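# Close look at the chain arrangement
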Amino acid sequence: PYDVAGWTLPLQMGVEYDAAWDIRDLEKDKVTLKRVTYINQVRAALNLDQTGTAFKGAKYPLKSVPRVALYRGSTASMDEGWTRLLFDTFNIVYRRLSDADARTANFVCERNVTPGPGVDCDAVVLPADSENTIVKGLSADRYPTEFAGGIGEEGVENLKKYVADGGKLICFDDSCEIVIKRFGLPIRNVLAGLKRSEFYNPGSIVALDVDIRQDLAKGLKKMTPAYFNSSSAFEIAADARVKVIARYAAKDALLSGWMLGEKYLNGKPALVETSYGKGKIVLFAFRPQHRGQSWATFPFIFNALEK
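In this report, we go over the structure that sits alongside the text. (Residues numbered from 1 in each chain as written. Predicted model: local features only at pLDDT ≥ 70, side-chain atom pairs only at ≥ 80, totals over all residues. Heavy atoms only, no water.)

The next subject is the side chain of asparagine 40. Along the chain, the position of asparagine 40 falls in helix H3 (residues 39-45). At 2.9 Å, the side chain of asparagine 40 and the backbone nitrogen of threonine 51 are in polar contact. Leave out the neighbours within four places in its chain, and asparagine 40 touches Asp49, Gln50 and Thr51. (Helix = DSSP H or I, 4+ residues; strand = E, 2+ residues; numbered from the N terminus. Polar contact = N/O pair within 3.5 Å; in protein donor to acceptor, adjacent residues only side chain to side chain. Contact = heavy atoms within 4.5 Å.)

Shown next, in the form of structure tokens:
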């Protein structure tokens, strides 16, 4: 595939639907087309409340008001942009956590607090960026000093201390790699190292088997579609204290798109939660906010952000 293989918006957005294969009486069922001149015409057709604002944000989905920091290094991260789109759409307040912030242990989220070393953020979110991108960032040989370098080794240690002291770290897809490795978690990505001829899923919708008893799964359905884009699948050590929130379906996991080697994915943990010191780590093996349109898995993020 040139880009991704599966779209199917009703699945991505968690909408139940049926396929209409035939229109019995075309003349009878014809509708008169009308030009849309205001947003409320569309909202009425979709059974949504009328609004006086053309682009009204979605209803705030959280019960609490957590102080959130979203990592945004100097590299241009599409995944970070998609996460901002999600937060902005749902009116979730957040601050940027820069490379310099991580290096100086500035995990302060309150607007009226002078920036500097300190901690009051309830959650730090790492978008789907690789370990190399996060730790090393842009090359000092090619970019100005203020943009070069990632969080560095000191930033990694500060993140570890932030969580150990009671913070929450939420990782999407690729960023799980750095946390599993640097925090010494008893988890591994079983898809790492497989040849493309063994396993290949460049962007398709897959089925999750969700443990709806868990707090992180509130509002989700037992079978929830998730977007998999060259993502991960976890394996957890037998004696590890890791809570599995969702697994990839044990069989027939592919819902839309194309996938080779599904057996490597079937039944593997896709969303887990574990403790680290006094804090918590939430690891998404997939991208729950892929392109800002995978609404079906947004509730996982909202639940993870709750205080």
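Let's pick the thread back up.
Moving on, we come to the state of the cysteines. Scanning the entire structure with this criterion turns up 1 disulfide. Between cysteine 109 and cysteine 121 runs a disulfide, and the two sulfur atoms are separated by 1.8 Å. Judged by the torsion about the S-S bond (95°), the cysteine 109/cysteine 121 disulfide is right-handed. With cysteine 109 in the loop between strand S3 (106-107) and strand S4 (118-119) and cysteine 121 in the loop between S4 and strand S5 (123-126), this pair connects stretches of sequence that are 12 residues apart. Cysteine 109 gets classed as buried once you look at its relative accessible area, which sits at 9%. With no disulfide of its own, cysteine 171 lies 5.2 Å from the sulfur of cysteine 176, the closest cysteine sulfur. Residue classification places cysteine 171 among the buried positions, given a relative accessible area of 0%. (Disulfide = S-S within 2.5 Å. Buried < 20%, exposed > 50% of the residue type's maximum accessible area, 1.4 Å probe, protein only.)

Moving on: the pairing of S5. Along S5, one buried face is formed by Ala123 and Val125 and the opposite face, lined by Val124 and Leu126, is buried too. As paired elements, S5 and strand S6 (residues 168-172) share 4 bridges and run parallel to each other. When the bridges of S6 are listed, alanine 123 appears paired with lysine 168. (Pairing = 2+ DSSP bridges.)

Turning our attention to the packing of aromatic side chains. Throughout the structure, instances matching the rule amount to 14 aromatic pairs. Consider the rings of phenylalanine 172 and phenylalanine 284, whose centres lie 5.4 Å apart with planes at 80°: the pair is edge-to-face. Of the two residues, phenylalanine 172 is situated in strand S6 and phenylalanine 284 in strand S14 (residues 279-284); the sequence distance between them amounts to 112 residues. Given the relative accessible area of 1%, phenylalanine 172 is considered buried. What makes phenylalanine 284 buried here is its relative accessible area of 0%. By the ring-pair criterion, three or more aromatic residues cluster together here, those being Phe90, Trp295, Phe298 and Phe302. (Phe/Tyr/Trp six-rings, centres within 6.5 Å; stacked < 30°, edge-to-face > 60°.)

Further remarks concern helix H9 (residues 298-305). Extensive coverage of H9 is indicated by the burial of 7 of its 8 residues. Among all positions of H9, only Phe298, Phe300, Ile301, Phe302, Asn303, Ala304 and Leu305 are buried.

Glancing now at the side chain of aspartate 211. Tracing the sequence through the fold places aspartate 211 in the loop between strand S8 (204-210) and strand S9 (223-228). Residue aspartate 211 is classed as buried on the basis of its relative accessible area of 17%. A polar side-chain atom of aspartate 211 sits 3.1 Å from a polar atom in the side chain of glutamine 214.

For the structure on display, the rule yields 21 salt bridges. Two residues, arginine 182 and glutamate 131, come together in a salt bridge whose shortest N-O distance is 2.9 Å. Of this pair, arginine 182 sits in helix H8 (residues 176-182) while glutamate 131 sits in helix H6 (residues 131-135); the two residues are 51 residues apart in sequence, bridging distant segments of the chain. Assessed through its relative accessible area of 9%, glutamate 131 is described here as buried. Where salt bridges share partners, they join Asp79, Asp173, Asp174 and Arg287 into one cluster. (Salt bridge = Lys/Arg side-chain N within 4 Å of Asp/Glu carboxyl O.)

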